[in-house]
2 protein chains.
Amino acid sequence: MVAVAVLACAPVMGGSAHADEGMWTMDALPLKQMAERYHFTPDKAWVERVTKASARLALGCSASFVSADGLVMTNHHCANECLQQLSDKEHNYFQDGYAAKAVAEEQRCPAMELNQLDTITDVTERVQNALKGKQGEAYTKARQAIESSIEKECAGADAKTWRCDIISLYHGGRVALYKYRRYQDVRLVMAPDQSAAFFGGDPDNFNFPRYDLDMAFLRVYENGKPAKVSAYLPFDGAGPKAGQLVFTSGNPGSTEREVPLAELEFSRNVTVPFVIDMYSALDGVLWQYSRESAAHHQEAQELVFGIENSLKVYRGRVPVLADTKLLAAKAKSEAELRAWINAEEERKKTYGDPWAKNAQALAVKQRIFKPYVMLEAGMGLRGELFGYAKVLVRAASEQQKPDAERLSAFHDARLPALEAELGSTAPIYPELETTQLAFSLTQLRQILGTDDAAVKLVLGKAAPDEVAEQLVKGTKLADPKVRLALFKGGAQAIAASQDPMIVLARKLEPQARALRKQMDDQVAAPTRQATEAMAKARFARNGMASYPDATFTQRLSFGQVKGWNENGAEVPPFTNFAGLYERATGSDPFKLSQPWLAAKPRLNLKTPFDFVSTNDIIGGNSGSPVIDAQGHAVGLIFDGNIHSLGGDFYYDESTNRAVAVDSAAILEALKVVYKNQSLADELLKGHL
Amino acid sequence: MVAVAVLACAPVMGGSAHADEGMWTMDALPLKQMAERYHFTPDKAWVERVTKASARLALGCSASFVSADGLVMTNHHCANECLQQLSDKEHNYFQDGYAAKAVAEEQRCPAMELNQLDTITDVTERVQNALKGKQGEAYTKARQAIESSIEKECAGADAKTWRCDIISLYHGGRVALYKYRRYQDVRLVMAPDQSAAFFGGDPDNFNFPRYDLDMAFLRVYENGKPAKVSAYLPFDGAGPKAGQLVFTSGNPGSTEREVPLAELEFSRNVTVPFVIDMYSALDGVLWQYSRESAAHHQEAQELVFGIENSLKVYRGRVPVLADTKLLAAKAKSEAELRAWINAEEERKKTYGDPWAKNAQALAVKQRIFKPYVMLEAGMGLRGELFGYAKVLVRAASEQQKPDAERLSAFHDARLPALEAELGSTAPIYPELETTQLAFSLTQLRQILGTDDAAVKLVLGKAAPDEVAEQLVKGTKLADPKVRLALFKGGAQAIAASQDPMIVLARKLEPQARALRKQMDDQVAAPTRQATEAMAKARFARNGMASYPDATFTQRLSFGQVKGWNENGAEVPPFTNFAGLYERATGSDPFKLSQPWLAAKPRLNLKTPFDFVSTNDIIGGNSGSPVIDAQGHAVGLIFDGNIHSLGGDFYYDESTNRAVAVDSAAILEALKVVYKNQSLADELLKGHL
């Protein structure tokens, strides 16, 4: 699954692009490369339609409009949360699938927001002027202030309709304002059963050949009616051919292709082993928890998918970060840039020594990394309930400040999204909460040590299990009304609250804040300055020839439908329905649901199912449409192959592949397996 | 805990020793260094007594004789398994402690073997002659043959009484024959409750200040009577003083101080992240399993301690292997040795290019590492039951070969130990077995992939949970009589067996064997030749000035009782009983047992409890006596501080500390808390 990984924070700079490489911004497409390799040049209308027909799910996925009446195509795993939230004792939509009987019965996803890109504006000069000469805390504050004022200006009075984000491309080498139309009324149209969507489960995740119908259909609403959207991708029920030129338009989350060598070494030496350690342990806990009962299995399922997916991503980084060739190439390229800077006094003055600055920042990061991750980033206090408490406590104090001085998540422009999140009616499972919290408290003590001040503050003389149980039993934060009341009550309500989760979050806030401040002022600020200086030096030397590292904003990639060679064996680009039935066993995760078993005689087993292409994608691209030269939807990205995990650091056309559901499979399954003719018709007609 | 880590395989060579550094073989003590630093030179009688009074527990710990009547002092955590095995529904000796009411009631530990070192003989020339000019498979076979014949010669007809091991020191630079007197009738005399022995649990493990009474007393028997032993360490009830010279005599398991840089990089890039990943996940499973019921908690306890201890060791390696100074120093030293070799044609001929040879071996290792670890080293098929099946299947085929052609674990000289292990009456917990097996099968599929031949062979069309349940339910191997019958029945019995575990082990054996053979012939053999050549070149250049890397054989280390400076704060070398009561909470793992709560008013709270010293120890040293210049026992090693985890790769006198129980604490606790006057008397008198 290529949804955004749970922990991802990557500085960003443009590299030079080869072959089908590149996650290109819509306002700077590689027209020359595309023409040379594929004899295709998109016209203005093509670009405009693809831009507006693409969308982003705020929780970390991509999507596209596939009918004029607001029909949205994305992955099943991007709708996991909604499917869980709408389930009740009688219906397990996540497991068994969902189909609205009629448009009027489409149910609203409680916490889903969809953003449609409207405009991109360059604000590089304005931001850089505001930051000029600032360091550390002053830099952090100036950055908050300028970003807040630009975003506010952009969203205007209507922050419910517009979302405005400042995006640093090339790690500050270029700064852009992304303005999105926000849709908060998103309803569920159709999702297949989980066993079809995620056939092969964790074992097959990031692998190919693959047989997954990882799709879900949503619809955006305006004023209680299906929204009329300005652009959509006509759905092509035939699917692509081998060798065909295809595009993906989506929101790759983050890449580290132009991150300095020292940052990669930090990842290798600290981040990656630590995250694998923490996630693996939690995965073990949840594995056993899920075996305890069917209810536990269901409660934990969504969390397990997220954790196992992230684990696979981090595991994939281990060999890549040990690749001496990659590291040597990076060292050489940095040495050359350094030499170029040092060759002239004027350049030395302009760019300084960004490597020394980066090293200083990393020394601080090394020191505070574990407490920061455990206390501020939440690994040491897991679960929804403490997460709510923490955000409520922080929102209360942030909202007392002028907008320009707040942390970016609490800018006025972002508050509607926060309020929606706090008001989510998604169920909270007390046993799962207690288990997660107790285990993470055990890890907190293990990582920071018994004598750490925060650990003592949380545990006192009690055991993690007791503390977790008391907190979960005592809190009222499972109730969205309680959360919204506290949110609206502001600082006074928070200060007066006796809710044990709020009390704990309040007590921990000074330590968490201090860590955040150190991370912002002493790590993030100088790191950004360092990598920005490197990016600018590269621009000055070579021009802005390439694409920026991924930033969970819309990018286009081009490529072709093509298999690869795995240790001497050719992997063909397509699978088909026949292969699904061959691979099926009677056991999870290779078990077929009743509709699939029943449909077999009626299905065209030669229908293409999943396919691979050379498109350059990464986590966040989940749900991206695969688009042909006519601008039609011919597939649906849901994963990459195992080699795509190296894509965080470099793109290798010989083995890196995107994995998509074929549009032909979508159509055939809708008609024959799920007997959902109305949805099939809407796709083919392009409207209701 | 410094018992031998679960997964440890380290090439070995001597480094040059500084300060209190060194794990010295008893036949080559650093007399000059000791005299210079501490004005002490042990005489022959001292060395002889310390040698003979020291012992090794075959399962991975050290120990010492502390009375003429075979009384043995070691750690509680070294007796874990025995305490578990002797427990029944009425008695939980592991948790509540054990005290034999009289000598006649001391109970036998079902699977314990104690080895007392008798003699060390140099066999370097004989072994090296037998290996001369051999490569790959021929080398492996020649090595098996020569080692078998020397060991057989040494143990003679009486392999029940003598154990003979060929030990490669300096990674083959020197080869020695270690002859041990074996004691298989080892009985339990006394152990405190687990909460006292492991106060602070995993959070405090490898930390100091510490308050653990991690002790256990055993007794070796001969012909059903307490054995009269030839040497013992008189017990000093007063304990050591700060600054005092102290020795430890024990069996450090393995170190990697002179391992080539490429091996360290392999550890950093492959072994360490992989082992942390696997162990952390299992730790998570067991954490949740243990919460499910008191019975589950008890069943899993011993396994949890082992896994968490190993995890801490591997976690400790992450920052050490990321230490650029360490790696740079190693690179420099290797470059110098390489230059020395290449400076003369004759040397080039003698030593060849051991680095190239090592690199080739590592390339093979990289390729087979994961299948080897999962299928042959057992990580993919966890649990006692499959372990028994595997060893039975292998023993059957190995025993058909002449002794000299067998894998070393199946030499005639080793068979009595194997038989004892198979006959162990230790309880096996079916639910824990099923859980471990099901989870490890999930990991097996995850690591090797759904389409791997071995994975398909094990799982067929079933899920890991079903397979595990059927295997555990169907097998009769939980019964020691069944195991022994299969062992004695040999190849015919194994071939005829319908026991599902045996059937599975039989099916997997060809793959596991093939991996083992590749690892032996293409990795171990050339690696040993490479590191042996490096060691010989070093000897030729510098002489054999230093100590060899640890090999789980007896070593002496010297040092002094001394605290250290932790980030500017002095850590004093001693704790006392008062500190224990201050640190106690009501909650596990900081909970005091009833005897300790009751004894508080009668205890001298100023009694020293645990102390640290500069002695150079590592995993395997658990249970080592701390000895003063008079040859008296003044303490009992049970751990190292957090900095000692770097000791795998280098010794740093400024922070690396051994952690021991003070002999004064042992005496005071025996008398006042446990009211075991007879054991206290035996310790003070030196006989029953």
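Residues numbered from 1 in each chain as written. Chains lettered and ligands numbered in written order. Predicted model: local features only at pLDDT ≥ 70, side-chain atom pairs only at ≥ 80, totals over all residues.

## A short note on the overall build of chain A
Assigned secondary structure in chain A consists of 24 helices and 21 strands. The C-alpha radius of gyration computed for chain A amounts to 25 Å, which stays within 12% of the reference 26 Å derived for 688 residues, consistent with globular compactness. In terms of principal-axis extent, the alpha carbons of chain A reach across some 65 × 65 × 50 Å. Looking at the 688 residues of chain A, the share that counts as buried comes to 54%. Considering only residue pairs separated by 6 or more positions, chain A has 80% of its internal contacts joining residues 24 or more positions apart. (Helix = DSSP H or I, 4+ residues; strand = E, 2+ residues; numbered from the N terminus. Rg over C-alpha atoms; globule rule 2.2 N^0.38 Å. Buried ≥ 20, exposed ≤ 12 C-beta atoms within 10 Å, placed from the backbone. Contact = placed C-beta atoms within 7 Å.)

## A closer look at the environment of A:Thr553
Residues and elements named next belong to chain A. Assignment of secondary structure puts Thr-553 in the loop between helix H20 (500–542) and strand S14 (555–560). Assessed through the 23 C-beta atoms surrounding it within 10 Å, Thr-553 is described here as buried. Distance from Thr-553 to Lys-401, taken between C-alpha atoms, is 29 Å for residues 152 residues apart in sequence. Leaving out residues up to four positions away in the same chain, Thr-553 has contacts with Ile-167, Tyr-178 and Asn-251.

## Looking at the interface of chain A and chain B
In this complex, chain A contributes 32 residues to the contact, which on the side of chain B involves 32 residues. Counting only elements with at least two residues in the side of chain A that touches chain B, the list comes to helix H8 (201–204), helix H9 (261–291), helix H10 (294–321) and helix H16 (430–448) of chain A. Of the residues assigned to the side of chain A that touches chain B, the class counts are 13 nonpolar, 10 polar and nine charged. (Nonpolar A, V, L, I, M, F, W, Y, C, P; charged D, E, K, R; others polar.)

## Observations regarding the sheet that holds strand S20 (residues 633–640) of chain B
Residue and element names in this part refer to chain B. Reading across the sheet, the eight strands line up as S1-S14-S13-S19-S20-S21-S18-S17 and stay open at both edges, with antiparallel pairing between neighbours. Every other strand in the sheet has two partners, leaving strand S1 (24–25) and strand S17 (574–576) as the edge strands with one partner each. Where S20 lies against strand S21 (residues 658–662), five bridges are found, and the strand directions are antiparallel. The residue of S21 that forms the bridge with Ile-637 is Ala-660. (Pairing = 2+ DSSP bridges.)

## Side note on the environment of A:Val661
Residue and element names in this part refer to chain A. Secondary-structure assignment places Val-661 in strand S21 (residues 658–662). With 448 residues separating them in the primary sequence, Val-661 and Leu-213 have C-alpha atoms 6.3 Å apart. In this structure, Val-661 is in contact with Asp-212, Leu-213, Asp-214, Met-215, Asp-610, Gly-635, Leu-636, Phe-638 and Ile-666, ignoring residues within four places of it in sequence.

## Some points on the pairing of strand S9 (residues 174–183) of chain A
Residues and elements named next belong to chain A. Burial within S9 is extensive, with eight of its 10 residues counted as buried. Here strand S7 (residues 114–122) runs beside S9; their pairing, made up of eight bridges, is antiparallel. Among the inter-strand pairings, Asp-122 is bridged to a residue of S9, identified as Ala-176. The pairing of strand S8 (residues 162–169) with S9 spans eight bridges and is antiparallel. Bridge pairing links Leu-169 to Arg-174 in S9. Hairpin connection of S8 to S9: four residues between the antiparallel strands, including Tyr-170 at a positive phi of 45 degrees.

## Details of the packing of H9(A) against helix H13 (residues 354–376) of chain A
Residues and elements named next belong to chain A. Two elements in contact, H9 and H13, have axes whose closest approach is 11 Å; the angle formed by their N-to-C orientations is 15 degrees. When the axis of H9 is compared with that of H13, the two are roughly parallel. The handedness of the crossing between H9 and H13 comes out as right-handed. Contacts between H9 and H13 involve Ala-262, Phe-266 and Val-270 on the former and, on the latter, Asn-358, Ala-359, Leu-362, Lys-365, Gln-366 and Phe-369. Here the contact of H9 with H13 is composed, by residue class, of six nonpolar, two polar and one charged. (Axes fitted to C-alpha atoms, helices over the stretch in contact; angles between N-to-C directions. Parallel < 35°, antiparallel > 145°, perpendicular 65-115°, else oblique. Left-handed = near helix turned anticlockwise from the far one by under 90°.)

## Regarding the relation of the copies chain A and chain B
Of the two same-sequence chains, chain A is brought onto chain B (RMSD 0.0 Å, axial shift 0.0 Å) by a rotation of 180 degrees. Such a combination of turn and shift is consistent with a two-fold rotation axis. Both copies contact each other with a shared surface, as 100% of the interface residues of chain A are interface residues in chain B too. (Least-squares fit on C-alpha atoms with pLDDT ≥ 70 in both.)

## Some thoughts on helix H10 (residues 294–321) of chain B
Owing to its 3.6 residues per turn, the α-helix aligns residues three or four sequence positions apart on the same side. Along its 28 residues, H10(B) runs 39 Å from first to last C-alpha, staying within 8% of the 40 Å computed at 1.5 Å per residue. Remark: the principal bend of H10(B), roughly 50 degrees, maps to B:Gln301. (Expected span 1.5 Å × (residues − 1). Bend = angle between axes of the 7 residues up to and from the residue.)

## Examining the nonpolar core
Counting residues in hydrophobic clusters, the biggest one holds 196 residues, and the most contacted among them are A:Ala389, A:Leu392, A:Met501, B:Ala389, B:Leu392 and B:Met501. Those residues in contact with B:Ala389 that lie beyond four places of it in its chain are B:Leu477, B:Met501, B:Ile502, B:Leu504 and B:Ala505. Counting 92 residues, the second-largest nonpolar core is a separate cluster that includes B:Cys82, B:Val659, B:Ile666 and B:Leu683. (Core = buried A, V, L, I, M, F, W, Y, C linked by C-beta atoms within 7 Å.)

## Thoughts on the sheet that holds strand S17 (residues 574–576) of chain A
Residue and element names in this part refer to chain A. Read from one edge of the open sheet, eight strands run S1-S14-S13-S19-S20-S21-S18-S17, paired in antiparallel fashion. Unpaired on one side and paired on the other, strand S1 (24–25) and S17 mark the two borders of the sheet. Here strand S13 (residues 245–250) runs beside S14; their pairing, made up of six bridges, is antiparallel. Bridge pairing in S14 places Leu-245 opposite Gln-560. Along the sheet, helix H23 (residues 663–673) contacts strand S18 (608–613), strand S20 (633–640) and S21; its crossing angle with S21, the most-contacted strand, is approximately 35 degrees.

## Things to note about the confidence of the model for chain A
Here chain A averages 93 in pLDDT, and 97% of its residues register 70 or above. Reported confidence for the predicted complex is 0.88 by ipTM and 0.89 by pTM. (pLDDT = per-residue confidence, 0-100.)

## What about the packing of helix H5 (residues 124–131) of chain A against helix H6 (residues 136–155) of chain A?
What describes two packed helices is the angle between their axes and the distance between those same axes. Residue and element names in this part refer to chain A. Two elements in contact, H5 and H6, have axes whose closest approach is 9 Å; the angle formed by their N-to-C orientations is 145 degrees. Helix-helix and strand crossings are classified by hand; for H5 and H6 the assignment is right-handed. Here H5 contributes Val-127, Ala-130 and Leu-131 to the contact with H6, which in turn contributes Tyr-139, Ala-142, Arg-143 and Ile-146. Residues of the contact of H5 with H6, tallied by class, amount to six nonpolar, no polar and one charged.

## What to know about H6(A)
All names here are of chain A. End to end, H6 covers 29 Å across 20 residues, agreeing with the expected 28 Å (1.5 Å per residue, within 8%). Turning to H6, its buried residues number three or more, namely Tyr-139, Thr-140, Arg-143, Ile-146, Glu-147, Ser-148, Ile-150, Glu-151, Cys-154 and Ala-155. The elements touched by buried residues of H6 are H5, S8, S9 and H20. Phi for Gly-156, located one or two positions after H6, is positive at around 60 degrees.

## Remarks on unusual backbone geometry
Residue and element names in this part refer to chain A. Note that the residue after Asp-588, namely Pro-589, is joined by a cis bond; omega there is 0 degrees. Assignment of secondary structure puts Pro-589 in the loop between helix H21 (577–583) and helix H22 (594–599). You will see that Tyr-170, though not glycine, has its phi angle at about 45 degrees, which is positive. For Tyr-170, the position within the fold is in the loop between S8 and S9. In this structure Tyr-170 comes out as buried when scored by C-beta crowding, with 27 C-beta atoms within 10 Å. The phi dihedral of Asn-567 is positive, around 45 degrees, even though this residue is not glycine. Examined against the element boundaries, Asn-567 turns out to sit in the loop between strand S15 (564–566) and strand S16 (569–571). The exposure class of Asn-567 is exposed, given the 4 C-beta atoms found within 10 Å.

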